[in-house]
Amino acid sequence: MVSISLPWRMESQHERTADRYRAGVLKYAQMGYWDPDYEPKETDILALFRITPQDGVDPQEAAAAVAGESSTATWTVVWTDRLTAADVYRAKAYKVEPVPNSTEQYFASIAYDIDLFEPGSIANLTASIIGNVFGFKPLKALRLEDMRFPVAYVKTFDGPPTGIVVERERLDKFGRPLLGATTKPKLGLSGRNYGRVVYEALKGGLDFTKDDENINSQPFMHWRDRFGFVMEAVNRASAASGEVKGHYLNVTGATMEDVYERAEFAKELGSVVVMIDLVIGYTAIQSISKWARRNDMLLHLHRAGASTYTRQKNHGISFRVIAKWMRLAGVDHIHAGTVVGKLEGDPNTIRGFYNILREPYNPADLELGLHFDQDWAGMRKVMPVASGGIHAGQMHQLLTYLGDDVVLQFGGGTIGHPMGIQAGAIANRVALEAMVLARNEGRDIWNEGPDILAAAARTCQPLMAALDTWGEVTFDYTSTDTPDYVPTPTPA
Amino acid sequence: MRLTQGTFSFLPDLTDDQIRAQIEYCLEQGWAMSIEYTDDPHPRNTYWEMHGNPMFDLHDAAGVMVELVDARATFPRHYIKVNAFDSTKGIESLRLSFIVHRPDPEPGFTLERHEVEGRHIRYTVRSYATDRPQGERYP
């Protein structure tokens, strides 16, 4: 019996393989991109997509199409697949589930073999995962919600050049959030006037000041002018306080050669930190990260442009994925939301982002929007930056939501102070230190926060004035980017 | 000039009760306390003198306060700070550091500018106190 049935089975398998590669068009699921029995390997790269299939398109076929178009497939069968270990290289959609409280969206889980990707290259990773598939006609919309990177792949990246721990050791600042401010107005100041704002804010008590994303080298202020005046201000403030201070010099330029030239000049002048915008691109970010590592420089990333594709839930990329890519690519600071400020930010979703940046290991936690366990394998941690519409009167909320390892950036909340920029900085620093002191003493800062601030203001006129000016300002709008698995809390 | 290194330097000087409360918080987190002093408060002077090793086995704030009283008596004209060290893997660094004693007056720092090529300036922050030898820096 055995001698008869075995050749028959083999022949049948051969026929099935021959059928699979017959010229023509097959459904992606039939091409092998849908495999509900697939068990992801420890070394696989995993992605979770939110898919909205066109009417009449089967969700499993849509998931298979996403797997296919983000790995090996094209629209038709090609015989040249048979020159490869195609079964390995094909990404596999292995799970499709309806999104809670949605009738047309599905979460599709897809596994990719690690050898589909170049080691240590965000550009190659993203060219696969988001390269082609987002314009695919059978889908109305597509969003990359989360990714899991195996330790074997994480270890191919250098990660942050400095990281939270070493940044604190270099700055000699522990046990409290760092304080920053973005120079305002964003555009139009001359180098000399710009440096004045920096000096006042740093001397007043901030740790960092910052170029804005669109301050590069415009007719009103060329970059060398800015760098020179800013470093005079930074050093004067450092001498006046005895503290290490810094200004994120934005080295974003038109070409990578410009970026390097600006970074080198910042280093020559003794800056502890340089800054880039996300719009310079993933390759440029990895290049300047390696430069920062060689030159003992903190690297600040402003997520300029991110909201164009991160904010809407049905299409684009979740910021949690950008946060993971940037920890791998290697930045030391990244803007990651404030919860209470003027920019988009649901508390649980933001906590998910912060955990990605700051924790050694992220357990899956659907309430935070984290769909996979992620082991960072000793990779350094990224300092999140909270910036945009925050002020001293929210200090208890900021400390509760964001913790200690964060840069709180009060731009308007420093420079707009009625008694001047130094007074604005003093108000923020006193509010912060009073709140940390109270929290460590075991007080319930969430509820007693306003009393703690009022008490501190009794010996600090600038804080009193800040509370009088902004105490009641809140930005209470409904978030668009929220987790799908829990009722959404709103900021108090 | 008030040196504003350390976590609570923008608040009025902490009372001993306030210092003890911070130490209790640190000990509850499992951190090890240490006391350091210096008469060279340059922002990049990382290595202040250790007033003994970090107190890894001391879990009582009162014991740390005894050490602090001793440090103050021995070095009344130095800066003294209290540090909390966390040995958790991936941190292995300070988690809190604050000044608990300072000389009076504090002379502060000067900024020296070395004008080099073109409009280039190289900056050096120098403590007025370190003009004098160690031990004689704060009268």
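Scroll up to find the structure.
Worth saying up front: this structure is predicted, and the values here are computed from it rather than measured.

Thresholds, definitions, all that
Residues numbered from 1 in each chain as written. Chains lettered and ligands numbered in written order. Predicted model: local features only at pLDDT ≥ 70, side-chain atom pairs only at ≥ 80, totals over all residues. Heavy atoms only, no water. Helix = DSSP H or I, 4+ residues; strand = E, 2+ residues; numbered from the N terminus. Buried < 20%, exposed > 50% of the residue type's maximum accessible area, 1.4 Å probe, protein only. Areas by Shrake-Rupley, 256 points an atom, 1.4 Å probe, with all protein chains shown as cover. Lys, Arg positive; Asp, Glu negative; His and termini not counted. Charge placed at Lys NZ, Arg CZ, Asp CG, Glu CD. Salt bridge = Lys/Arg side-chain N within 4 Å of Asp/Glu carboxyl O. Phe/Tyr/Trp six-rings, centres within 6.5 Å; stacked < 30°, edge-to-face > 60°. Lys NZ or Arg CZ within 6 Å of the ring centre and 35° of its normal. Core = buried A, V, L, I, M, F, W, Y, C linked by side-chain atoms within 4.5 Å. Contact = heavy atoms within 4.5 Å.

Here's the deal with the overall build of chain B
Tallying secondary structure elements over chain B gives two helices and six strands in all. Mapped from its N terminus to its C terminus, chain B presents α and β elements in the order α-β-β-α-β-β-β-β. Its C-alpha atoms give chain B principal-axis dimensions of roughly 55 × 40 × 25 Å. Counting the 139 residues in chain B, one finds 50% classified as buried. Accessible surface, chain B as shown: approximately 7300 Å² in total, 48% of it carbon and sulfur. With 15 positive and 22 negative side-chain charges, chain B shows a separation of 8 Å between the mean positions of the two kinds.

Points about the pattern of salt bridges
Residues and elements named next belong to chain A. Applying the stated criterion across every chain, the model contains 40 salt bridges over all chains. Between K41 and D44 there is a salt bridge whose closest N-O contact spans 3.4 Å. Since its relative accessible area comes to 38%, K41 is described here as partly exposed. With relative accessibility at 0%, the residue D44 sits in the buried group. The salt bridge involving K140 is made with D55; its shortest N-O contact spans 3.1 Å. In this pair, K140 is assigned in strand β4 (residues 139-148) and D55 in the loop between β1 (45-53) and α3 (59-69), connecting sequence segments 85 residues apart. Here K140 falls in the partly exposed class, since its relative accessible area comes to 40%. Classification of D55 as exposed rests on a relative accessible area of 67%.

A look at unusual backbone geometry
For the bond running from K184 of chain A to P185 of chain A, omega is 0°, close enough to zero to count as cis. By the secondary structure assignment, P185 of chain A is in the loop between β5 (178-182) and α8 (191-204). Residues D104 of chain B and P105 of chain B are joined by a peptide bond in cis, for which omega reads 0°. If you trace the backbone, P105 of chain B turns up in the loop between β4 (93-101) and β5 (109-115).

What about the packing of aromatic side chains?
Residue and element names in this part refer to chain A. Under the defined criterion, the tally for this structure stands at 19 aromatic pairs over all chains. Ring geometry for Y28 and Y33: centres 6.3 Å apart, planes at 55°, overall tilted. Side by side, Y28 and Y33 carry an identical accessibility label, which is buried. Ring centres 6.2 Å apart and planes at 10° place the aromatic pair F227 and F265 in the stacked group. With a gap of 38 residues between them, F227 in helix α9 (residues 223-241) and F265 in helix α10 (residues 256-268) connect regions that are remote in the sequence. Here the two residues F227 and F265 agree in accessibility, since each one is buried. Taken together through their ring pairs, the aromatic side chains of Y112, F117, F149, Y153 and F157 make up a single cluster. One residue, R90, lies across the ring of Y33, its end atom 5.8 Å from the ring centre.

Topic: the nonpolar core
Residues and elements named next belong to chain A. Judged by nonpolar contacts, the single largest core of 164 residues is most densely connected at F49, W325, M326 and L408. Leave out the neighbours within four places in its chain, and M326 touches L278, Y282, I285, L301, V331 and I334. One finds L178, V273, L298 and V385 within the second-largest nonpolar core, a separate group that totals 13 residues.

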